[in-house]
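Commentary on secondary and tertiary structure
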Amino acid sequence: MKIASINVNGIREAVGRGFLDWLANQDADVICVQNLKAKSFELDDSILFPEGYEGYFLDAEEDGFSGVGLYCRKIPKAIMYGLGFPQCDNEARFLQADYDRFSIASFLMPDGSDMEAKQSFMNQYQEYLSKMVKKRREYIICGTWHIAHKTIDLANWADNQTTPGFRPEERAWMDQVFGPMGYIDTFREINRDASQYTWWPKLDQDVPRMRQEGWRLDYQIVGPEFRRHVVDAWIDRDATFSEFAPLIVEYDLEL
């Protein structure tokens, strides 16, 4: 099973830069998208239902803001929209597809431009994560968490210790997720190298991404029992339709 996750940073703009061509060439079972910045009724059928996929979307109340989606090859047993608290649901930050043995979610954390709002979100989201890890059902939560967990996860970390996305309180929160709560960072199960980034501050086609100062803000997170199913994980730096790069993980499972 191959799952891709990408923050498109505006779905219509990403389509204009080649997103649908990239999607068609992925041979992925599920593609999780975040930060659509458009309501689904505004989108063409070519975006909503690309060949071979069923599209599911959650729209934010505010125009041109947030929004998450799932492109699924196999129709899910059920779709769960939101997590039940207004900050998440009104801003369209969580969408989950349920299959027989596990669930796959597309997730978008607030970026931290309002740190008080982000902290409130993290507190409520942590309650959800604590409940989910105790259930028998397994979860794969994919998306932009807007936090670089370790110093290895961003360039110039020493200069960014007070920058949203790398503040001590945010990193401590991630320590809890990957520590006592027991969740697994699938990418780091496979790749422990430095300079592995999913976001660059500016979309610049003329400068190779490997020379830019990036951050790894995107994750596919699973429970402890799913660790053994992670086969491979990589970042597609060649995809340049967004400031973010796709994070792709393969699991030795079938939908």
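We now turn to the structure provided with this report.

Here is what the cut-offs are and how they apply
Residues numbered from 1 in each chain as written. Predicted model: local features only at pLDDT ≥ 70, side-chain atom pairs only at ≥ 80, totals over all residues. Heavy atoms only, no water. Helix = DSSP H or I, 4+ residues; strand = E, 2+ residues; numbered from the N terminus. Buried < 20%, exposed > 50% of the residue type's maximum accessible area, 1.4 Å probe, protein only. Contact = heavy atoms within 4.5 Å. Arc of directions from axis to C-beta. Pairing = 2+ DSSP bridges. Axes fitted to C-alpha atoms, helices over the stretch in contact; angles between N-to-C directions. Core = buried A, V, L, I, M, F, W, Y, C linked by side-chain atoms within 4.5 Å. Parallel < 35°, antiparallel > 145°, perpendicular 65-115°, else oblique. Nonpolar A, V, L, I, M, F, W, Y, C, P; charged D, E, K, R; others polar. Polar contact = N/O pair within 3.5 Å; in protein donor to acceptor, adjacent residues only side chain to side chain. Expected span 1.5 Å × (residues − 1).

The next thing to look at is the environment of Val30. Relative to the helices and strands, Val30 is located in strand 2 (residues 30-34). Classification of Val30 by relative accessible area gives buried; the value is 1%. Along the backbone, Val30 and Glu250 are 220 residues apart, and their C-alpha atoms lie at a distance of 11 Å. Leaving out residues up to four positions away in the same chain, Val30 has contacts with Lys2, Ile3, Ala4, Leu70, Tyr71, Cys72, Tyr99, Ile104 and Leu255.

This paragraph deals with helix 6 (residues 168-178). Those residues of helix 6 that fall on the buried side of the exposure criterion are Glu170, Trp173, Met174, Val177 and Phe178. Seen along its axis, helix 6 keeps its buried residues to an arc of 130°; they face one direction.

Counted residue by residue, strand 1 (residues 2-7) has six buried out of six residues, so it is predominantly covered. Side chains Lys2, Ala4 and Ile6 project from strand 1 onto one buried face, and the interleaved Ile3, Ser5 and Asn7 project onto a second face that is buried too. Note that strand 1 and strand 12 (residues 247-251) share four bridges and pair antiparallel. Within strand 12, the residue paired with Ser5 across the bridge is Leu247.

Once that is clear, we can look at the sheet that holds strand 11 (residues 230-235). Sheet architecture is open: six strands sit in the order 3-4-2-1-12-11, paired in mixed fashion. The open sheet has two edge strands, strand 3 (54-58) and strand 11, and neither has a second partner. Looking at each pair of strands side by side, their axes are set apart by 15° on average, direction ignored.

Let us now look at the nonpolar core. Residues Met1, Ile3, Val30, Ile104, Ile140 and Tyr251 are the most contacted members of the largest nonpolar core, which totals 34 residues. Listing elements by their share of this core, those giving two or more residues are strand 2, strand 3, strand 4 (68-72), strand 6 (94-98), strand 7 (102-108), strand 8 (138-144), strand 11 and strand 12. Discounting residues that sit within four places of it in the chain, Ile3 has contacts with Val30, Cys32, Ile104, Ile140, Cys142, Gln220, Leu247, Ile248, Val249 and Tyr251. Leu48, Ala148, Ala239 and Ile248 belong to the second largest nonpolar core, which has 29 residues in total.

Further remarks concern the packing of helix 5 (residues 115-132) against helix 6. Orientation of helix 5 relative to helix 6, taken along the N-to-C sense of each, is 5°, at an axis distance of 12 Å. When the axes of helix 5 and helix 6 are compared, the pair comes out roughly parallel. Residue-level contacts link Met115, Lys118, Gln119, Met122, Tyr125, Gln126 and Leu129 of helix 5 to Glu169, Glu170, Trp173, Gln176 and Val177 of helix 6. Residues that form the contact of helix 5 with helix 6 fall into these classes: six nonpolar, three polar and three charged.

Let us now look at the side chain of His149. Tracing the chain through its elements places His149 in the loop between strand 8 and helix 6. With relative accessibility at 8%, the residue His149 sits in the buried group. Within the structure, the side chain of His149 is placed 2.7 Å from the side chain of Asp175, a separation counted as a polar contact. Look past the residues within four positions of His149 in its chain and what remains in contact with it is Phe166, Arg171, Met174, Asp175, Phe178 and Tyr219.

Bringing helix 5 into the picture now. The end-to-end C-alpha distance of helix 5, which contains 18 residues, comes to 25 Å, matching closely the 26 Å that a straight helix rising 1.5 Å per residue would cover. Within helix 5, the full set of buried residues consists of Met115, Lys118, Phe121, Met122, Tyr125, Tyr128, Leu129 and Met132. What you see down the axis of helix 5 is that its buried residues fit within an arc of 130°, all on one side. What points out from helix 5, more than 90 degrees from its buried face, is the exposed set Glu116, Glu127 and Lys131. Next to the buried residues of helix 5 lie helix 4 (86-89), strand 6, strand 7, strand 8 and helix 6.

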